[in-house]
Every structure is written in C-alpha cells, then in structure tokens.
Amino acid sequence: MSFLRRRSGSPAGPDFDVLAMDPGDWPGHFGAMVMSGPDGSCQGIFLRYDLFGGRGPAMFIGNLPEGSPARETADGVPFEISQLLAALENEEPVEFVSAEDFPVMLGDDLLIVKKIKVSEERVFCAQFGRSDGVQVTIASWDRPIADDLYQLLKPLPSDMFQQG
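Sequence order as written defines the numbering, with residues in each chain counted from 1. Owing to the predicted nature of the model, reporting of local features is limited to residues with pLDDT of at least 70; listing and counting of side-chain atom pairs is limited to 80 or more, with chain, interface and lining totals taken over all residues. To get the side-chain values, take all heavy atoms of the structure and skip hydrogens and water.

Novice: Is there a simple way to explain the sheet that holds strand S3 (residues 42-51) in this structure?
Specialist: One key point about sheets: their strands pair by backbone hydrogen bonds, in either a parallel or an antiparallel sense. Criterion used throughout: strands pair if DSSP finds at least two bridges between them. Numbered from the N terminus, helices here are DSSP runs of H or I no shorter than four residues, and strands are runs of E no shorter than two. If you trace the 7 strands from one edge of the open sheet to the other, you get S2-S3-S4-S8-S7-S6-S5, paired in antiparallel fashion. Only two strands of the sheet have a single neighbouring strand rather than two, namely strand S2 (28-36) and strand S5 (96-106). Pairs of neighbouring strands in the sheet enclose a mean axial angle of 20 degrees, with direction left out of account. With 9 bridges joining them, S2 and S3 adopt antiparallel strand pairing. Residue pairing for S3: alanine 32 is matched across the bridge by leucine 47. The contact criterion used throughout is that any non-hydrogen atoms of two residues lie within 4.5 Å. Axis angles are defined between N-to-C directions and span 0 to 180 degrees, where every axis is a line fitted to C-alpha atoms and, for a helix, only to the segment in contact. Here helix H1 (residues 79-87) sits on the sheet in contact with S2, S3, strand S4 (57-64), strand S6 (109-118), strand S7 (123-129) and strand S8 (135-141), set at roughly 150 degrees to S4.

Novice: Help me understand the packing of aromatic side chains, please; the structure alone is not making it clear to me.
Specialist: Each pair of aromatic rings is reported with the distance of its centres and the angle of its planes. Whether two aromatic rings pair depends on their centres lying within 6.5 Å, for rings of Phe, Tyr and Trp, where Trp uses its six-membered ring; planes under 30 degrees apart make the pair stacked, over 60 edge-to-face, and the rest tilted. Taken as a whole and assessed by the stated rule, the structure comprises 3 aromatic pairs. Both rings, one in phenylalanine 46 and one in phenylalanine 79, keep their centres 5.0 Å apart while their planes meet at 50 degrees; by these two values the pair is tilted. Residue phenylalanine 46 is found in strand S3, and its partner phenylalanine 79 is found in helix H1; the two are separated by 33 residues along the sequence. On the basis of relative accessibility, which here comes to 3%, the residue phenylalanine 46 falls in the buried class. A simple rule labels every residue: compare its accessible area, found with a 1.4 Å probe on the protein chains alone, to the largest value its type can have, and call it buried under 20%, exposed over 50%, or partly exposed in between.

Novice: How should unusual backbone geometry be read in this particular structure?
Specialist: Leaving glycine aside, a negative phi is the common case for residues, and trans is the common case for peptide bonds. A positive phi angle is found at glutamate 89, which is not glycine, with a value near 60 degrees. Locating glutamate 89 in the fold gives a position in the loop between H1 and S5. In this structure glutamate 89 comes out as exposed when scored by relative accessible area, which is 67%. Phi at aspartate 142 takes a positive value of approximately 60 degrees, unusual for a residue other than glycine. Among the structural elements, aspartate 142 can be located in the loop between S8 and helix H2 (148-152).

Novice: Would you mind going over the pattern of salt bridges with me for this structure?
Specialist: Oppositely charged side chains can pair when the atoms bearing their charge come close. Any Lys or Arg side-chain nitrogen located within 4 Å of an Asp or Glu carboxyl oxygen qualifies as a salt bridge. Enumeration over the complete set of coordinates arrives at 3 salt bridges. One salt bridge in this structure joins aspartate 50 and arginine 48, with 2.9 Å as the shortest N-O distance. Glutamate 120 is paired through a salt bridge with arginine 122; the nearest N and O atoms lie 3.0 Å apart. Residue arginine 122 is classed as partly exposed on the basis of its relative accessible area of 40%.

In short, geometric facts, not functional conclusions.
Printed below as a string of structure tokens:
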C-alpha cells in the first residue's frame with residue numbers, strides 16, 4: 001500500500017506521513033496537535049475532528065512513531081481515548097476491557113486492525129501498525145468505526161504540521 005511507506009528526503013514536519021481523513025472532507029472543525037520530545041523530535045501527531053453545532057469532538061486519530069511515550073499507557077487505555085474523553089469533559093474513570101484483531105481488506109491488501117474495548121461503551125477504538133513502525137489509533141465517540149473508514153485515510157501534507 002503506497003501510503004504505508006516512509007517519506008523520502010527531509011520533510012518539514014514529522015519524519016513520517018500522517019494518516020488521516022482529509023479535513024476538507026469532514027463536515028465540521030478540524031484541529032491538530034504535535035507532541036514534541038525533549039530533543040524537539042516529533043513523538044506523535046494527534047488529529048481532532050469536531051462536529052458542527054457545538055456537539056463536541058467525534059473522533060481523534062493518533063499517529064505515533066516507534067519510541068513515542070504515548071504508545072504505552074500504564075492502564076492499557078490508548079492515549080487517544082483519554083484525549084477524546086478529556087475533550088468531552090467526561091471525567092468518569094475508563095478501564096481497558098479487551099482487544100481483538102480483525103482482518104480488513106484494502107483493495108488487494110490485508111490490514112490487521114486491533115479493536116479495543118473500554119468500559120465506556122460509547123467509545124469505539126481501532127488501532128493498526130504501519131510498515132514504517134507508526135501506530136495509528138482511531139478513537140470515536142458514539143459512532144462505531146466501520147471498515148470503510150480505513151479507505152478514507154491518506155497522508156496529509158507535511159506543511160500542515162510546520163511550527164510557524
């Protein structure tokens with residue numbers, strides 16, 4: 001799959017492609033956050049998709065390279081779920097329940113997606129690893145993640161993530 005390759009050359013943003021839905025295709029507000037390491041390296045990109053009408057965030061997508069501290073949480077609840085719930089001002093404790101691998105066909109390619117369940121039943125989460133070592137996590141509020149969503153993910157231009 002072409003979007004699973006590492007970019008060549010020296011990009012202006014993170015040193016990996018950021019997979020997301022094109023913000024122009026989303027019917028609401030879009031925001032991005034760069035997690036920087038102590039040495040200034042990019043430890044992750046988080047994308048927040050909000051709905052119009054002040055209904056709050058509907059989805060977080062995280063792109064975390066190998067070595068990012070956000071990839072491993074002590075309680076097993078993905079960082080993106082915690083960020084989604086914080087943005088929703090949901091302060092109820094959430095616990096990891098289970099994880100199960102599912103195969104998803106993308107054209108002729110097979111993607112193994114880990115579906116993660118937590119104690120908050122309105123949260124849906126899917127996670128997969130890319131061939132370049134980047135982990136992509138999608139956390140959705142009150143909307144199941146359909147296999148069609150993976151078809152919509154594509155690299156965003158690196159200039160979206162330049163510090164200015």
